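Working through the structure, step by step
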Amino acid sequence: MITAQAASLAYLDQGRTVYACQEIDIEVKANEFLGILGPSGSGKSSLLYLLSGLKIPTSGDVMYNGSSLTRLGDEERSRLRIREFGFVFQQPYLLGYLTSLENVLVSKPNESRVDEALDLLERLGLDHKTHRHPHELSGGERQRVCVARALLGSPKVIFADEPTAALDHKNGLGVVRLLNNMRSGGSLVMVTHDPSMLDEADRIVRLADGRLDILN
Amino acid sequence: MKSLSDTDGTDHPQSGSPKISREDLRPKRPRRILRPLAPSTYLIRNAGKTIPLTAVIVLAVMLVSGIIAMIDSIPYSIRTVYRYAKEETGITPRGDPSLLPQLVATIKKQTPVPIERIIICRASSSLVRSIVGKWPFIMLGLTQSDMRYYVTRQGAHEIEGRYPNPGAPEAIISRPVAKNLRLGSVILKPDDIENYAPTPVKVVGIAETDRWFMINSVEFQRDNYFPPVDDALIFARNSTDQNKLDHWTVNKFKGQRPLVFAYFQIEKSTREMFATLYLILNVVISALAIVITFMMGMLMNIYQSQRLVEFGLLQAIGYTKNQLLKRVLLESVSVIALGWFLGLVLTYGLLNLASAVLMAPKAYSLDVFDAQAYAYTIPIPFAILVVATFTVVLRFRKFDPVGVVERRLV
């Protein structure tokens, strides 16, 4: 489904080339839960951004269903992300002036998905908070709204970048389970530094200093 | 017959205990959900930001159009004072009474348009209080029938009081001249060098029209004023013909002894008189527009900086830069258009208030539909839009959503 081929992401830091990811070869298979584990600064988030088309590799390539993401323009990659992918970030970013329901609907514009969004919120235990604004929600509830936003439209791949970072362990685990249980056939790629969050993962990849370390 | 409970369109169990499904417990879908990313949604729900932006534009529009309208009120007042001249072409033989019959004969013979009436009159000078101080005006001395024609020609179909009697120290004046005067008031008197008459002249009639004029009897004028020279007022049938007659008469007697009074000359001299003032005004308004635009640009930039998370998140989940740019620009256009429109409406209200409270009691004129004042505000929304577009494009050009989701930019 998604394949990284010798993908590297480098940037210049005071004239010195620093690799966030180096020569990564990895495949995200259809319907799998892939965990990317690694300590802070190991390049796991950078790898997630490469796989999701948020960044393009400085060398190597990332293919989605056989098409090279590096050859797509910025606009095309954006369109691919909104059509095929769902995202959950470290922080439960929501638009403060929108209700939970409207925040969920944001991920699929120009489509009438109100019933699906309501259904997702209900399954995530937020049916009584659909018309609340983010400031009226707890951290866990906000992250669950983000999960609903990522799940709307049954994306082919859900990318979760440390989705439990802003939550306590119990709530974090709950969010991971929800993501895993509700991905309805899509793949889940999750980045975390906490191995206990990847209990349900089909496969775990470990990163250290921007390089692939261990494959389970 | 249907019971009330049947009329609400819902199904009710007929017997047994009611079954409650999860569907029933689900909160009812709101009747209308605003499109989450429609510009109106953002603007309405962020009134704390929308209102100050709109208010700045409203104030700018009010300031610019208000200044222009008030300045315009000066030439407008002058034109209003002399608007009676639109109805007539005045000609005086400049001190030679023998010349007038010849002049009238020439005009009658050579006129390019049909002439409705020629009035032989006397006139004495006076002063009226205008927006720019005391301004020269005339007291026309007319015969009884000419008085009636003249008053009707100036649009007055009703008068309060009566017409002056022949030879009596009496006058009929129009409503704007009668501000702060009433029937019986003395308007000319021996000890008033600006409004002199050998005997006090009282107001005996007030004509209901917005034109300015003062009329007394030609007999009183002939008995009491020097030099003993009659003048002629020539009336065409309509304003188009009157204008043609004005131009023809001015050209006909150009370089000759007679002096012609035509309304277009008043317009021309007023324009020339205020040309420099308008030049200064243009500089001031331009400076004001630049300051306002710069201020709006800064405000918009601050508000956009506060939305970095929003832009970053939306771009990260797949909105294109063009979509976000279009959205922000639509928001800007909405605010600018709303501010401009409200500014015009409020200016109109303010000008009406100023006219009623400040101007009308002193018989000063203010055009509340001053097209020039409103036209001066047109560059403001465009200038702000250009600055807003520039600011937004600059921000989005190198915007990196990853920086936001990684919390490097926020």
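Here the residue numbers are simple positions, counted from 1 along each chain's written sequence. Ligands are numbered from 1 and chains lettered from A, in the order in which they are written. Reporting of local features is limited, given that this is a predicted model, to residues whose pLDDT is at least 70; pairs of side-chain atoms are given and counted only at 80 or more, and all residues count toward the totals for whole chains, interfaces and linings.

Regarding the overall build of chain B
This is how it is decided: Numbering goes from the N terminus for both helices and strands, where a helix is a DSSP run of H or I of at least four residues and a strand is a run of E of at least two. With C-alpha atoms as the basis for the radius of gyration, the globule rule is written as 2.2 Å multiplied by the number of residues raised to the power 0.38. Using C-beta atoms placed from the backbone, we call a residue buried if 20 or more other C-beta atoms fall within 10 Å of its own, exposed if 12 or fewer do, and partly exposed for counts in between.
Within chain B one finds 13 helices and 10 strands. In summary, chain B has a C-alpha radius of gyration of 34 Å against a globular reference of 22 Å for 410 residues, an excess of more than 25%. Its C-alpha atoms put chain B at 110 × 70 × 45 Å along the principal axes. A buried classification covers 35% of the 410 residues belonging to chain B.

Points about the overall build of chain A
Definition in use: Each residue gets a C-beta atom placed from its backbone, and two residues are in contact if those atoms lie within 7 Å.
Looking only at helices and strands, chain A features six helices and 10 strands. For chain A, the C-alpha atoms occupy an extent of roughly 50 × 35 × 35 Å along the three principal directions. Taking all 216 residues of chain A together, 51% fall into the buried category. A separation of at least 24 residues holds for 70% of the contacts in chain A among residues at least 6 apart in sequence.

Description of the nonpolar core
Going by this rule: In plain words, the nonpolar core is the set of buried Ala, Val, Leu, Ile, Met, Phe, Trp, Tyr and Cys residues that C-beta atoms within 7 Å link up.
Ile 36, Val 147, Ala 148 and Val 189 of chain A are the most contacted members of the largest nonpolar core, which totals 110 residues. When residues in this core are grouped by element, the largest group, 10 residues, is from helix H3 (residues 47-81) of chain B. Not counting residues up to four positions away in its chain, the partners in contact with Ile 36 of chain A are Lys 44, Leu 47, Leu 48, Val 189, Met 190, Val 191, Val 205 and Leu 207 of chain A. Grouped together as the second largest cluster of nonpolar side chains are 49 residues, Met 139, Ile 172, Ala 178 and Phe 261 of chain B included.

Quick look at the sheet that holds strand E2 (residues 16-28) of chain A
Residue and element names in this part refer to chain A. Using the following cut-off: Two strands are counted as paired when DSSP detects at least two bridges linking them.
With antiparallel pairing, the four strands of this open sheet are ordered in space as E2-E1-E4-E5. Looking along the sheet, the strands with just one partner apiece sit at the ends: E2 and strand E5 (67-68). Relative to E5, strand E4 (residues 59-64) runs antiparallel, the two sharing two bridges. Pairing of Tyr 64 across the sheet is with Ser 67, part of E5.

Considerations on the interface of chain B and chain A
Reports often express the size of an interface as the amount of accessible area lost when the parts come together. For clarity, the cut-off: Charged means Asp, Glu, Lys or Arg here, nonpolar means Ala, Val, Leu, Ile, Met, Phe, Trp, Tyr, Cys or Pro, and polar covers whatever is left, Gly included.
Tallying the contact residues gives 26 residues for chain B and 29 residues for chain A. For the side of chain B that touches chain A, the secondary structure elements donating two or more residues are helix H2 (39-45), helix H9 (308-317), helix H10 (321-359) and helix H13 (401-405) of chain B. A class-by-class count of the residues in the side of chain B that touches chain A yields 14 nonpolar, five polar and seven charged.

As for the packing of helix H5 (residues 139-151) of chain A against helix H6 (residues 169-182) of chain A
All names here are of chain A. Stated precisely, the cut-off is as follows: Fitted lines through C-alpha atoms give the axes, limited to the stretch in contact for helices. The angle between two N-to-C directions lies from 0 to 180 degrees. Roughly parallel covers angles under 35 degrees, roughly antiparallel covers those over 145, roughly perpendicular covers 65 to 115, and oblique covers all other angles. Working rule for handedness: look at the near helix, and if it is turned counterclockwise from the far one by less than a right angle, call the crossing left-handed; if clockwise, right-handed.
Contact geometry of H5 with H6 gives a least axis separation of 11 Å together with a crossing angle of 15 degrees. When the axes of H5 and H6 are compared, the pair comes out roughly parallel. Along this stretch, H5 crosses H6, giving a crossing that reads as right-handed. Of the residues in H6, those in contact with Gly 140, Gln 143, Arg 144, Val 147 and Leu 151 of H5 are Asn 171, Val 175, Leu 178, Leu 179 and Met 182. When the residues that make up the contact of H5 with H6 are grouped by side-chain class, the tally is six nonpolar, three polar and one charged.

Brief notes about the pairing of strand E8 (residues 214-217) of chain B
Residues and elements named next belong to chain B. Looking at chain direction, strand E3 (residues 133-142) and E8 are connected through four bridges and run parallel. Each bridged residue has a counterpart across the sheet, and for Leu 142 the counterpart in E8 is Ser 217. In this sheet, E8 lies alongside strand E5 (residues 170-174) in antiparallel orientation, the contact comprising three bridges. Looking at the pairing, Ala 171 lines up with Asn 216 of E8.

Details of the packing of helix H7 (residues 239-252) of chain B against helix H8 (residues 263-305) of chain B
Helix-helix packing is described using two parameters, namely the angle between the two axes and the distance between the axes. All names here are of chain B. Interaxial distance between H7 and H8 falls to 8 Å at its minimum, and their mutual angle equals 80 degrees. Relative to H8, H7 is oriented roughly perpendicular. The residues of H8 that touch H7, namely those facing Asn 243, Asp 246, His 247 and Val 250, are Tyr 263, Phe 264 and Gln 265.

Comments concerning the confidence of the model for chain B
Residues and elements named next belong to chain B. Applicable threshold: pLDDT is a per-residue confidence score from the predictor, ranging from 0 to 100.
Per-chain confidence: chain B averages 87 in pLDDT, with 91% of residues scoring 70 or above. The low-confidence segment residues 1-21, where pLDDT is below 50, has five contacts with residues more than four positions distant or belonging to other chains. This prediction of the complex comes with two scores: 0.78 for pTM and 0.93 for ipTM.

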